[in-house]
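# Coordinate inspection notes
Letter by letter, the chains look like this.
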Amino acid sequence: MHDHSRRNFLHKLLGGSMAGASILEMGFFRAAVARAQAPASTSRLFDIQKVADGVYFALAHPQALTNCNAAIFVNSQDVLVVDAHSKPSAAASLIAQIKTEVTPKPVRSLVNTHFHWDHTQGDPAYRASGSKVDIIASETTKQLLASSASSRLKDSLDGVPQIIDGLKARLAKAATAADKAFYAEQIRQAEAYQAEMRGFTPELPDITFKDSYVLKDRAHDLHIEFHGRAHTAGDVVVFCPQKRAIATGDAVIGFLPNINDGYPREWPRTINSISQRAANRLMPGHGPVQNNHDRLTQFRNYIEELTGIVEPAKKAGKPLAEVRASITPASLKTLQSNGFGAYVSDNLNKYTVYAGSRTAFEDRLAANIDAVYNNLDRA
Ligand SMILES: [Zn+2]
Ligand SMILES: [Zn+2]
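Because the structure is predicted, anything quoted here is derived from the model rather than measured. (Residues numbered from 1 in each chain as written. Chains lettered and ligands numbered in written order. Predicted model: local features only at pLDDT ≥ 70, side-chain atom pairs only at ≥ 80, totals over all residues. Heavy atoms only, no water.)

With that settled, consider the coordination of the zinc ion (ligand 2). Distances from the zinc ion (ligand 2) to its protein donors, namely His-114 (NE2), His-116 (ND1), His-231 (NE2) and Asp-250 (OD), fall within the range 2.1 to 2.4 Å. Each of the four donor atoms bound to the zinc ion (ligand 2) contributes to angles spanning 88 to 170 degrees, and the resulting shape is irregular. In the primary structure, the donors to the zinc ion (ligand 2) are separated according to the pattern H-x1-H-x114-H-x18-D. In this structure, the zinc ion (ligand 2) lies 3.3 Å away from the zinc ion (ligand 1), the two metals sharing Asp-250 as a donor. (Donors = N, O, S within 2.8 Å, 3.2 Å for Na, K, Ca; no water. Tetrahedral: all angles 85-135°; square planar, octahedral: opposite > 155°, others 65-115°.)

Moving on, we come to the environment of Ser-138. Residue position: Ser-138 is located in strand E7 (residues 134–138). In this structure Ser-138 comes out as buried when scored by relative accessible area, which is 2%. Sequence separation between Ser-138 and Tyr-213 is 75 residues; the distance between their C-alpha atoms is 9.0 Å. (Helix = DSSP H or I, 4+ residues; strand = E, 2+ residues; numbered from the N terminus. Buried < 20%, exposed > 50% of the residue type's maximum accessible area, 1.4 Å probe, protein only.)

Once that is clear, we can look at the sheet that holds strand E10 (residues 221–226). Strand order in the open sheet made by the five strands is E9-E10-E11-E12-E13, with mixed pairing throughout. Strand pairing shows two members of the sheet lacking a second neighbour, strand E9 (212–216) and strand E13 (281–284), which therefore form its edges. For this sheet, the mean angle separating the axes of adjacent strands, direction not counted, is 15 degrees. In this structure, E9 lies alongside E10, joined through five bridges in antiparallel fashion. Opposite Val-214, over in E10, you have His-223 as the bridge partner. (Pairing = 2+ DSSP bridges. Axes fitted to C-alpha atoms, helices over the stretch in contact; angles between N-to-C directions.)

Let's shift gears to the pattern of salt bridges. Taken as a whole and assessed by the stated rule, the structure comprises 17 salt bridges. For Asp-261, the salt bridge is made with Arg-152, and the minimal N-O distance between the two is 2.9 Å. Note that Asp-261 is positioned in the loop between strand E12 (245–249) and helix H9 (267–275) and Arg-152 in helix H7 (residues 139–173), a separation of 109 residues in sequence. Each member of the pair, Asp-261 as well as Arg-152, carries the same accessibility label: buried. Between Arg-229 and Glu-266 there is a salt bridge, with its nearest N and O atoms 2.8 Å apart. (Salt bridge = Lys/Arg side-chain N within 4 Å of Asp/Glu carboxyl O.)

With that out of the way, let us pick up the nonpolar core. Core analysis: the biggest nonpolar cluster contains 39 residues, and Leu-256, Phe-299, Tyr-302, Leu-306, Val-310, Phe-340 and Ile-369 have the highest contact counts within it. In this structure Val-310 touches Val-323, Ile-327, Ile-369, Val-372, Tyr-373 and Leu-376, once residues within four positions along its chain are discounted. (Core = buried A, V, L, I, M, F, W, Y, C linked by side-chain atoms within 4.5 Å. Contact = heavy atoms within 4.5 Å.)

We now examine the packing of aromatic side chains. Applying the stated criterion to the full structure yields five aromatic pairs. On the basis of an interplanar angle of 25 degrees and a centroid distance of 6.1 Å, the ring pair of Phe-209 and Tyr-213 is categorised as stacked. On the basis of an interplanar angle of 70 degrees and a centroid distance of 6.0 Å, the ring pair of Trp-267 and Phe-299 is categorised as edge-to-face. Of this pair, Trp-267 sits in helix H9 while Phe-299 sits in helix H10 (residues 294–315), and the two are 32 residues apart along the sequence. Across the pair, exposure class does not vary: Trp-267 and Phe-299 are buried alike. A cation over an aromatic ring shows up here: Lys-314 above the ring of Tyr-373, its NZ or CZ 5.1 Å from the ring centre. (Phe/Tyr/Trp six-rings, centres within 6.5 Å; stacked < 30°, edge-to-face > 60°. Lys NZ or Arg CZ within 6 Å of the ring centre and 35° of its normal.)

A few words now on the sheet that holds E7. Spatially, E2-E3-E4-E5-E6-E7-E8 is the arrangement adopted by the seven strands of the open sheet, whose pairing is mixed. If you trace the sheet from one side to the other, it starts and ends with strand E2 (46–52) and strand E8 (207–209), each paired once. Pairwise comparison of adjacent strand axes, ignoring direction, gives a mean angle of 20 degrees for this sheet. Two strands pair when backbone bridges link them, and strand E3 (residues 55–60) and strand E4 (residues 70–74) are joined in this way by four bridges, in the antiparallel orientation. Pairing of Phe-57 across the sheet is with Ala-71, part of E4. The sheet contacts of H7 involve E7 and E8, and relative to E7 the element is tilted by about 100 degrees.

With that settled, the discussion passes to the coordination of the zinc ion (ligand 1). Looking at the zinc ion (ligand 1), the protein donor atoms are Asp-118 (OD), His-119 (NE2), Asp-250 (OD) and His-286 (NE2), and they sit 2.1 to 2.4 Å from it. For the zinc ion (ligand 1), the four donor atoms in the first shell make angles of 85 to 164 degrees at the metal, a pattern classed as irregular. Ordering the donors of the zinc ion (ligand 1) by residue number gives the pattern D-H-x130-D-x35-H. In this structure Asp-118 comes out as buried when scored by relative accessible area, which is 5%. Accessibility expressed as a relative area gives 9% for His-286, which makes it buried.

Okay, structure coming up:
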């Protein structure tokens, strides 16, 4: 689990969406080129959609350094936002969008679903927004932030020059004006991240809890709940029973999971518990809204199937490379059934900039096998 290889750094940096041996081998999808040309992608970072009365979902546009999605709950007097993206300017941009597109009420609460940089590095923008904002997280997430936010930030900054070099190499070889513009925009984004985050000091949540923290409001109740370890040791969801909506952080997303800091043997059980909540609107940390539990169940089953294959192989003494070579997208039942493989693959292409030299899908699978193998026995 303490794999400090460069590959792992970059993998974390890019939200696990690429796992190729070299950043220079990264491929970029045509769809992303088209998106980067769209005027909206430079003026706004999120598409805000209404999912229920007083509940909105901010779907992040693909960026060189990933921004997570946000969930927005409009209370009677103020607003609670779930998750804060990769940098303060991205969070400030969402705060401005909320004002113009959702409500003039001030944001007074922010939930960090887990400690990852792409969900927490925007926290200071909320504290700087003019109103007093409580930042809420599990105790474990606060501990993980206190112990690792600075080193994770350093890892991410250390990786940026290599990303920029890779992008410049691509730019030099780009044949069309659209490709050139795409790479130039990605370089601009990576440099902007570097400039903004140099000298950044991570901040910690104000309010923490072990299992559950409930906010009661005239508009609705919000249950911020830890259901067990999953994508990290401290993941929480935000459930609104009256609106039947739930923000899942990265415990349930629309891509293959990122298991690098995860608990593969406990994760399916945690999802079982989350799915007991009567929600028919799921707002994941990455990827689109889910309107029933079908994808959640497939996502859960995929983690269970992969763990069920990797665990006995590791116990039998098989080296990781051998285990990795024995598993393909075609060999996993859960990827083949009900279009789940196509769903997560399409979403990666639509909602992230990076895709691997083969496919983002295969790179994620390989990274997942490594992470399950390495994390099986985490205490
Ligand atoms: Zn994330
Ligand atoms: Zn995460």
